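Chain by chain, the residues:
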Amino acid sequence: MKNISKTIIPGQKLLEALEKKKMNQKELAQRIGLTEKYVSHIINGTASITPDTAIKLEVIFNDEEYSAKEWNRLEREFRSELANKNYVEQLQKEEDIFLNKYKDCYEELVKIKAIQKTNNPQDKVLNLLNFFGVSSLTYVSKVKEAVFRSVKNPKIDKGALEGWLRVGEKEALKMNLPAYNKQKIKNNISKIKCMTRSPEDFEDKLKTICKECGIALVFTPYFKKTYINGATRWLGDNPLIQLNLRLNYSDTFWFTFFHELGHVLLHSKKIGKNDFNLKNEEDNNDFLEYTLPAETDTESRQQEADANFFASKTLIPPKEETRFKESGDFSDDALSSFAYYLGIDIGIVAGRLAYDGYLKYSDIAHLRTKLKFSDS
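Residues numbered from 1 in each chain as written. Predicted model: local features only at pLDDT ≥ 70, side-chain atom pairs only at ≥ 80, totals over all residues. Heavy atoms only, no water.

Let us now look at the overall build of the chain. When helices and strands are counted, the chain shows 18 helices and five strands. Contacts spanning at least 24 positions in sequence make up 67% of the contacts within the chain whose residues lie at least 6 apart. Counting only carbon and sulfur atoms, one obtains 48% of the accessible surface of the chain, whose full area is about 19,200 Å². (Helix = DSSP H or I, 4+ residues; strand = E, 2+ residues; numbered from the N terminus. Contact = heavy atoms within 4.5 Å. Areas by Shrake-Rupley, 256 points an atom, 1.4 Å probe, with all protein chains shown as cover.)

A few words now on the nonpolar core. Of all hydrophobic cores here, the largest spans 48 residues; its most connected members are Leu 206, Phe 253, Trp 254, Phe 257, Phe 258, Leu 261 and Val 349. For this core, the element with the highest residue contribution is helix H12 (residues 250-266), accounting for eight residues. For Phe 258, the residues in contact, after removing those within four places along its chain, are Ile 189, Ile 192, Lys 193, Phe 310, Ala 311, Thr 314 and Leu 315. Grouped together as the second largest cluster of nonpolar side chains are 25 residues, Leu 91, Cys 105, Tyr 106 and Trp 164 included. (Core = buried A, V, L, I, M, F, W, Y, C linked by side-chain atoms within 4.5 Å. Buried < 20%, exposed > 50% of the residue type's maximum accessible area, 1.4 Å probe, protein only.)

We now examine unusual backbone geometry. Of note in the backbone geometry, Lys 22 takes a positive phi value of approximately 55° without being a glycine. With respect to the element layout, Lys 22 can be found in the loop between helix H1 (10-20) and helix H2 (25-32). The exposure class of Lys 22 is exposed, given its relative accessible area of 74%. Within the chain, Lys 113 stands out as a residue other than glycine whose phi angle is a positive 60°. Accessibility expressed as a relative area gives 77% for Lys 113, which makes it exposed.

With that settled, consider helix H11 (residues 202-212). Those residues of H11 that sit buried are Phe 202, Glu 203, Leu 206, Ile 209 and Cys 210. Across the axial projection of H11, the buried residues extend over an arc of 140°, all falling on one side. On its buried face, H11 sits against helix H9 (182-187), helix H10 (189-195), strand S1 (216-219) and H12. Note on H11: the residue one or two positions beyond its end, Gly 214, has a positive phi of about 85°. (Arc of directions from axis to C-beta.)

Let's shift gears to the confidence of the model for the chain. Summing up the model confidence of the chain, the mean pLDDT is 86 and the portion of residues at 70 or higher is 87%. The model gives residues 146-151 a pLDDT under 50, and that stretch makes 21 contacts with residues more than four places away or in other chains. Taken as a whole, residues 271-295 scores under 50 in pLDDT and shows 96 contacts with residues more than four places along the chain or in a different chain. (pLDDT = per-residue confidence, 0-100.)

At a minimum axis distance of 8 Å, the contact between helix H16 (residues 332-342) and helix H17 (residues 346-355) shows a crossing angle of 115°. Handedness of the crossing formed by H16 with H17: right-handed. Of the residues in H17, those touching H16 at Asp 332, Leu 335, Ser 336, Phe 338, Ala 339 and Leu 342 are Ile 346, Val 349, Ala 350 and Leu 353. When grouped by side-chain class, the residues that make up the contact of H16 with H17 number eight nonpolar, one polar and one charged. (Axes fitted to C-alpha atoms, helices over the stretch in contact; angles between N-to-C directions. Left-handed = near helix turned anticlockwise from the far one by under 90°. Nonpolar A, V, L, I, M, F, W, Y, C, P; charged D, E, K, R; others polar.)

With burial as the criterion, each face of S1 is covered, one bearing Ala 216 and Val 218 and the other bearing Leu 217 and Phe 219. As judged from the four bridges shared by S1 and strand S3 (residues 238-243), these two strands associate in the parallel manner. Following the sheet pairing, Leu 217 is matched in S3 by Ile 241. (Pairing = 2+ DSSP bridges.)

On to the pairing of strand S2 (residues 228-235). Most of S2 is tucked away, with seven of its eight residues classed as buried. In this sheet, S3 lies alongside S2 in antiparallel orientation, the contact comprising six bridges. The partner of Thr 232 across the bridge, within S3, is Ile 241. What sits between the antiparallel neighbours S2 and S3 is a turn of two residues, in which Gly 236 has the positive phi angle 70°.

By secondary structure assignment, the location of Leu 240 is in strand S3. Spatially, the C-alpha atom of Leu 240 lies 8.8 Å from that of Val 264, the residues being 24 residues apart in sequence. With sequence-adjacent residues up to four places away left out, Leu 240 is seen in contact with Gly 168, Glu 169, Ala 172, Ala 216, Val 218, Ala 231, Thr 232, Arg 233, Trp 234 and Leu 235.

A word on the packing of aromatic side chains. Here the structure, examined in full by the defined rule, presents 19 aromatic pairs. Measuring from ring centre to ring centre gives 5.5 Å for Tyr 180 and Trp 234, while their planes differ by 85°; the resulting arrangement is edge-to-face. On the criterion of sequence distance, the pair formed by Tyr 180 in the loop between helix H8 (158-173) and H9 and Trp 234 in strand S2 is long-range, its members being 54 residues apart. Taken together, Phe 202, Phe 219, Phe 253, Trp 254, Phe 257, Phe 258 and Phe 373 form an aromatic cluster joined through their ring pairs. Sitting above the plane of the Tyr 106 ring, Lys 124 keeps its charged end 5.9 Å from the centroid. The ring of Tyr 249 is capped by Arg 368, whose NZ or CZ atom sits 3.8 Å from the centre of that ring. (Phe/Tyr/Trp six-rings, centres within 6.5 Å; stacked < 30°, edge-to-face > 60°. Lys NZ or Arg CZ within 6 Å of the ring centre and 35° of its normal.)

Below is the structure:
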């Protein structure tokens, strides 16, 4: 084994002792009660000198220079230096992983002050390891194996997506949530719908209602190249709904919220862990999301359809939607009156009609409310 720093390798010291005593490895093995192979491993540094072996070496060599205390010191310093060397080598490997996958993620985390800014590559790796709570960046995807099993879109920056999700988890873990109460959140849906008409002060109220129902609602700034508007998963027995304002229109935000809430209400914890609402960058007008699990299995596609339908009918009941569409009057006044009747923001009605092809997005731009989080 090569020398490590200036630390003396115990095996080298043992060879010196053997030469002084005119003793070979085979004879030492016979005197100490170990196999010749094990003695060879000690000399090569691949096997440790145990405290018991150190005492035996002291007796055999009968020299203060080769006392048990000295053998134990050498072994301790050698193993510590070896561990440091291995750690430095591991950090170098981690730097490669960082550059290949987490460079943009780190920049996004610095932007929102979730991680410290630094120009030192090793410090970046250490900061990121601490942020994710893992000993190696290779473990991040394994920790999130369930939620990432369907990520296939080549456009998605998986490192940034993992970082975005971790921000939500860390925020949710700070909350002291009561037990999840399904009936209580259902009873509050009407109150939540009314918030769509108050874009200035809905944020804290919505978080409070969700928290009282045992749901962690987290608003996280959008991370570039994640193409994600929202995610739902479970932390223990409490659901976590994480949203951003990638497309900051009221209709997009509220449809996404109710879509995610639909997963919480309709589906099991297992399914909730797998849901991600994504939009292709080109489709920046519509408000129906594309969800990754839909690529892989029929059950997930059905659950996505269920969540979409839940959001759709909660915001605009099907019968009322049909009646309004049949009227043929899609003037601003008609839209305003219909939205007031439903108790929702006019932009949600306008967005639905545009998505269904009754209006052009360019014609309703003035009706679509833009949202902004208080901390953004």
